[in-house]
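Listed below, chain by chain, are the residues.
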Amino acid sequence: MILLFPTELEAAPFRAICPDVEVVVCGVGMAQTAACVARLLADGHRSFLLAGIAGAYDQTLAKGEVVAVAEERVAGMPQQFDRAYKTSILPDGLRVVRSNTVSACGAEACGADVENMEGAALFALCEEFGAECCEVRAISNRVGEPREEWDVPTALESLAHAVQQIISRP
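Residues numbered from 1 in each chain as written. Predicted model: local features only at pLDDT ≥ 70, side-chain atom pairs only at ≥ 80, totals over all residues. Heavy atoms only, no water.

## Topic: the overall build of the protein
The criterion, for reference: Secondary structure counts use DSSP, requiring at least four H or I residues in a row for a helix and at least two E residues in a row for a strand, with both numbered from the N terminus. As a reference, a globule follows 2.2 Å times the number of residues to the power 0.38, and the radius of gyration itself is taken over C-alpha atoms. Only protein chains enter the calculation, and the probe is 1.4 Å; a residue is then buried if its accessible area is under 20% of its type maximum, exposed if over 50%, and partly exposed in between. Contacts between residues were defined by any pair of non-hydrogen atoms, one from each residue, lying within 4.5 Å. Only the protein chains shown count as cover for residues, and all accessible areas are computed by the Shrake-Rupley method using a 1.4 Å probe. In this tally, Asp and Glu contribute negative charge and Lys and Arg positive charge; neither His nor the terminal groups of the chain are included. The location of each charge is read from NZ of Lys, CZ of Arg, CG of Asp or CD of Glu.
The helix and strand inventory of the protein stands at four helices and eight strands. Reading the helices (α) and strands (β) of the protein from amino to carboxyl end gives β-α-β-α-β-β-β-β-β-α-β-α. Whereas a compact globule of 170 residues would reach a radius of gyration of roughly 15 Å, the protein reaches 15 Å, a difference of no more than 12%. Structurally, the protein occupies a C-alpha span of about 35 × 35 × 25 Å along its principal axes. Within the protein, the fraction of its 170 residues that count as buried is 48%. Once local pairs closer than 6 in sequence are excluded, the contacts in the protein between residues at least 24 apart make up 69%. Carbon and sulfur atoms provide 53% of the accessible area of the protein, an area that totals close to 8100 Å². Charge-centre separation for the protein: the mean point of 13 positive side chains lies 3 Å from the mean point of 24 negative side chains.

## Some remarks on the side chain of E72
Rules: By definition, a salt bridge exists where a carboxyl oxygen of Asp or Glu is found within 4 Å of a side-chain nitrogen of Lys or Arg. N or O atoms closer than or at 3.5 Å make up a polar contact, with two conditions inside protein: a donor-capable atom paired with an acceptor-capable one, and, for residues adjacent in sequence, both atoms drawn from side chains.
For E72, the position within the fold is in strand β4 (residues 66–74). R137 is the oppositely charged side chain nearest to the buried, salt-bridge-free E72, at an N-O distance of 5.4 Å. Within the structure, the side chain of E72 is placed 3.4 Å from the side chain of S99, a separation counted as a polar contact. Excluding anything up to four places from it in sequence, E72 contacts R83, A84, Y85, S99, N100, T101, N116, G119, A120, F123 and E135.

See below:
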């Protein structure tokens, strides 16, 4: 399984506790993620875990909580083009959520629990090419909250430990 993180900031805490595990920094946003995953698919990889931070629409999600994304939508698509992309793997022991993939923070929830900037690209490519994927996100903020109120350090530490547990399961 290829471990994808959008940024080195998100990957660094995991690298610190699992220095021998290879990770790929895919970049921020749908375009960079799609390009990275397309290259990895072309190289023959067929299983991916995307891990990063997310903003929560759902007020019951705590900052630092790690969730498993079951469904991704691209926020803001016209209704006739709106569709849900489903994951093929759900890690055990995590709350399951629906997510919007956004280009800018603060899109309407439209039934989503969290928002991120990369997930739909991964899910769409894996669906198209018959690859397996899963996505986990650590809550760093509430959608619409000022950046200075985000708790990125707590989210990143929780994320690193959750990914460590996921990859160590048989």
